[in-house]
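The residues making up each chain are set out below.
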Amino acid sequence: MLDFLGTKQRTHTCGELRTAHAGQTVTIMGWVNRRRDHGNLIFLDLRDRYGMTQVVLDKDLSPDGHAKAEQARPEYVICATGAVRERGKDAVNPKMPTGEIEIAASELLILNDAKVPPFSPAEEAIGNEEVRLKYRYIDLRRPEMQHNFEVRHKVALAVRKYLSSQGFFEIETPFMTRSTPEGARDYLVPSRVHPGEFYALPQSPQLFKQILMISGMDRYFQIARCFRDEDLRADRQPEFTQIDLEMTFPQQETVFRVVEGFLAAAFKAVGIALPTPFPQITYDEAMRRFGIDKPDLRLPGLTDVREAFTVGQLETLAIDPALPIVAVRVPKVGELSRKEREDNRPLFDMRKGAKLIDDLKRLEKTFPEVVAKVRAAADANEHDLLVIVAGDPTHHIRASDTKLTGRLSEREIAVLSAAGNLRVELAKKYADRHGCFGVTDAVVGDPERETGLVEGSRAFRPIWVTDFPMFEYDEAEQQWMPAHHPFTSPHDEDMDRLVSDPASVRARYYDLAMNGLELGSGSIRIHRQDVQQEIFRALGMSDEEAKTRFGFFLEALQYGTPPHGGIALGLDRLVMILAGATSLREVIAFPKTAKAIDLMVDAPTPVSDAQLRELHIRPTKQ
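Rules behind the numbers
- Residues numbered from 1 in each chain as written.
- Predicted model: local features only at pLDDT ≥ 70, side-chain atom pairs only at ≥ 80, totals over all residues.
- Heavy atoms only, no water.
- Helix = DSSP H or I, 4+ residues; strand = E, 2+ residues; numbered from the N terminus.
- Buried < 20%, exposed > 50% of the residue type's maximum accessible area, 1.4 Å probe, protein only.
- Contact = heavy atoms within 4.5 Å.
- Polar contact = N/O pair within 3.5 Å; in protein donor to acceptor, adjacent residues only side chain to side chain.
- Axes fitted to C-alpha atoms, helices over the stretch in contact; angles between N-to-C directions.
- Parallel < 35°, antiparallel > 145°, perpendicular 65-115°, else oblique.
- Left-handed = near helix turned anticlockwise from the far one by under 90°.
- Nonpolar A, V, L, I, M, F, W, Y, C, P; charged D, E, K, R; others polar.
- Phe/Tyr/Trp six-rings, centres within 6.5 Å; stacked < 30°, edge-to-face > 60°.
- Pairing = 2+ DSSP bridges.
- pLDDT = per-residue confidence, 0-100.

1. Here's the deal with the overall build of the chain
Okay, step 1: Scanning the chain from terminus to terminus reveals 16 helices and 21 strands.
Okay, step 2: With the C-alpha coordinates aligned to their principal axes, the bounding extent of the chain is approximately 90 × 75 × 55 Å.
Okay, step 3: Counting only residues that meet the buried cut, the chain has 49% of its 622 residues in that class.
Okay, step 4: Put simply, 66% of the contacts in the chain that link residues at least 6 apart link residues at least 24 apart.

2. Section: the side chain of threonine 561
Okay, step 1: Residue position: threonine 561 is located in the loop between α14 (543–556) and β21 (564–570).
Okay, step 2: Judged by its relative accessible area of 11%, threonine 561 falls in the buried class.
Okay, step 3: Side-chain polar atoms of threonine 561 contact the backbone oxygen of leucine 557, separated by 3.2 Å.
Okay, step 4: Not counting the four nearest positions on each side in its chain, threonine 561 is found in contact with Ile214, His527 and Ala556.

3. Here's the deal with the packing of helix α4 (residues 143–165) against helix α15 (residues 571–579)
A packed helix pair is summarised by two numbers, namely the angle formed by the two axes and the spacing between the axes.
Okay, step 1: Across the interface, α4 lies against α15 with an axial gap of 9 Å and an inter-helix angle of 125 degrees. Between α4 and α15, the crossing angle belongs to the class labelled oblique. The crossing of α4 and α15 is right-handed. Note on element contacts: α15 touches α4 through Leu571, Asp572, Leu574, Val575, Leu578 and Ala579, opposite Asn148, Val151, Arg152 and Val155.
Okay, step 2: Looking at the contact of α4 with α15 residue by residue, the class counts come to seven nonpolar, one polar and two charged.

4. Overview of the packing of aromatic side chains
Okay, step 1: What the rule picks out here adds up to 12 aromatic pairs.
Okay, step 2: Geometrically, the ring pair formed by phenylalanine 487 and phenylalanine 550 is edge-to-face, given 5.4 Å between the ring centres and 85 degrees between the ring planes. Residue phenylalanine 487 is located in the loop between β18 (479–482) and β19 (509–514), and its partner phenylalanine 550 is located in helix α14; the two are separated by 63 residues in the primary sequence. Considered together, phenylalanine 487 and phenylalanine 550 belong to a single accessibility category, that of buried residues.
Okay, step 3: Taking the centre distance of 5.5 Å and the plane angle of 75 degrees together, the rings of phenylalanine 487 and phenylalanine 553 count as edge-to-face. Linking phenylalanine 487 in the loop between β18 and β19 with phenylalanine 553 in helix α14, this pair joins segments that are 66 residues apart in sequence. An identical accessibility class is assigned to phenylalanine 487 and phenylalanine 553; each is buried.
Okay, step 4: An aromatic cluster is defined as three or more aromatic residues linked by ring pairs; in this entry it consists of Phe487, Phe536, Phe550 and Phe553.

5. Structural notes on the sheet that holds strand β6 (residues 169–170)
Okay, step 1: Here eight strands make up an open sheet; going across it, the order is β6-β9-β10-β21-β20-β19-β16-β11 and the pairing mixed. Each of the sheet's edge strands pairs with one partner strand only, and the pair in question is β6 and β11 (280–282).
Okay, step 2: One ladder, built from six bridges, connects β19 with strand β20 (residues 517–524); its direction is antiparallel. Opposite alanine 513, over in β20, you have glutamate 518 as the bridge partner.
Okay, step 3: Contacting β6, β9 (219–227) and β10 (239–248), α4 crosses the sheet at an angle of about 150 degrees to β9.
Okay, step 4: The strands touched by helix α6 (residues 252–269) within the sheet are β9, β10, β11, β16 (462–466), β19, β20 and β21, with β21 carrying the most contacts at an inclination of about 30 degrees.

6. Quick notes on the confidence of the model for the chain
Okay, step 1: Mean pLDDT over the chain: 90, with 92% of residues reaching 70 or higher.
Okay, step 2: Segment residues 399–405: pLDDT under 50, and 14 contacts once partners within four positions in sequence are set aside and those in other chains are kept.
Okay, step 3: For residues 439–457, every residue scores under 50 in pLDDT, and the model assigns this stretch 38 contacts once sequence neighbours within four places are set aside.

7. Let's talk about the side chain of threonine 173
Okay, step 1: Mapped onto the elements, threonine 173 comes out in the loop between β6 and β7 (188–190).
Okay, step 2: Here threonine 173 falls in the buried class, since its relative accessible area comes to 13%.
Okay, step 3: Within polar-contact distance, the side chain of threonine 173 engages the side chain of glutamine 222 at 3.0 Å.

Here it is in C-alpha cells:
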C-alpha cells in the first residue's frame, strides 16, 4: 500500500547531515539504494542527487515504520522522518560524507514502488551501453552521471557569467532556417504551409551571428544547440551544444583573450586552475612538430632525424630523402617484442607513402651510429619506445603532391600525419600500463577515482593552432574546396593568390586544442562583399549560385559591415574532458547511439499517412 506525501516537506537532502545535526528531528526523501534486514533492525541507505544517508527502522520504537521498511526494495521512493544520531565508532562509514550519523526513523512513508530495474544505480560500471541508454532515467540516477551534469552546469554558468561581465549579450538565433549545406548534411524540416519547401535545422549559427555584428550588437554569445546529419563516433552526436560567440573590431588576439578568460573561469568553477595565456603554434609548425593539427602536449613531439643518415644509408634503407624523416618517442613503454611490433603495425597508415622502421635493434646491427644519433636527437633512454617514420620513394606522386608555395606538400603532410597518428595511438594503447601521457585521468572533484599513472596530478594542456590552409583540394570533385567555412578571411598578403595559387593561401582561422582533442574553432570573418564574392568564385561558385545560396548575406554585407570574428567551442566536449569521460554520451542527458537512434523514446519512427499528407510528402521505398 503506497502512502500519500500530504503536507510533509523535506528538511534536508541525503548528503547534507553531519554530526552537528545530532538530536535534530529531520525529514529526508529519496530512493532506496540498499536495504539490509537484521530482524528487529532494518537499515535503508537513502539516496538523492546530493548523497546518501543511512536510515534505521527499529521494530520496538516504530513498529509501523519497520513494517513498511520490510516492504521496501531498491529504487522505491521513500520519505523518512526521525532523529539524527551519531553512529558508534565501530559503525562509522568513512567512505560516506554522512557516514558518522544515521537517522532513527519514527515514521516511514513509501511514496512509490519500483519494478526490479535492469541494472542498479549503485553499480559502478554497467557494461551494456544500449541498456543504459534505453533506461536512461535509471542510468542518470548513478552518482557518476550526476557528477558529470554538476560539472556541466557549473561550466555553463561560469561561461555565462564571464561573458556577461565582458559586455556580451546572450542572443538566441533561429532553430528553423534555410538550408545552406557546407560539408555535413542538414536535417530538413518540411513546411506544411509552403508545400514542397523545407526549413533546415542549423549546423551552427554562423551567418546569424555575423548578421548580429552587422546589426551593431558588438558582442554576442549563445550556448547554442546545433544539428548535423553525419556519421557518428564517440565524440560526435547529431545534436550538440556549442559555446558560440562573435565580436566586432577584434584582432585574433582579442578572441583568444576572451576565450582564455571564460575557460579559466569554467575550470575554476570545478576546482582547477588553468594557466593563461595559452601557447600558440601555426598549422605548418604543428604538422612538423606533432604530425597533427590538434597536438597533445602531454606527449613529446616528433623529432627531425634527417641529419642522422647519410645519402648512402638512405638509399640502402629505401627512404626518400626529399620527405621528412622523424622519430616518434613514447615515454616509459620500453622496447617491444616482435609480436607486439606486429600487433602495432595496423596502427600505422602506409597508404600515402609513409614507411615505418620499428625494429631499432635490427637497424643498430647494420648502422649503429645512425641509431645512436637518433636516440640522442630524440632524447630517448632505454625505458622509451622509439620508432622512425619516413617517406617511401616508390610511392606514386600525383600532381597535387608536389611542393606548395611556402607550405608543406601533401606528401610531406602524409608522412608527418602517419607519424603523428602513430604517436597518439601508441600512447593510448600503453597509457594504462605505463603512464606514457605523464598524467592521471582523474575525474574532476572526485579524488577517489584518480588512476595515478604518475605522481598524481592531472594535466590540461591547451594550445592555439593558427594560419590553417584556406583551401584543400577535393580529388573526387577535382576542385579546391574551403578547408573551413567560406566566410573565413584570408590573410591580407595572400589575397592576390586566391585564384593563381590557392594552395598557398593562409586563412585567418584558428583552432583551440586540448589533450589531443579539438575544443573549438573560429576565424576572423570576411566583412567586405567584394572579397566574399571573390572567395565564392575561387571555390568555383558562379555569381548566380552564390546569390541563390547566400544572397541575403551578400546583401547584408553592403550595409556597413564592420570587421568581426569569433569562435565556437564544443560544450559537450569540454565537459567530457573535465569529467574524465571517454564519450560525449556520458555528458549529454539523452544522447543518440552511434546509429543516431534514441533508444529510450524509440526515435526515429515512422509517422502516420495523415501527417505525411499534411506535409505533402510521399515516402518511397528503396
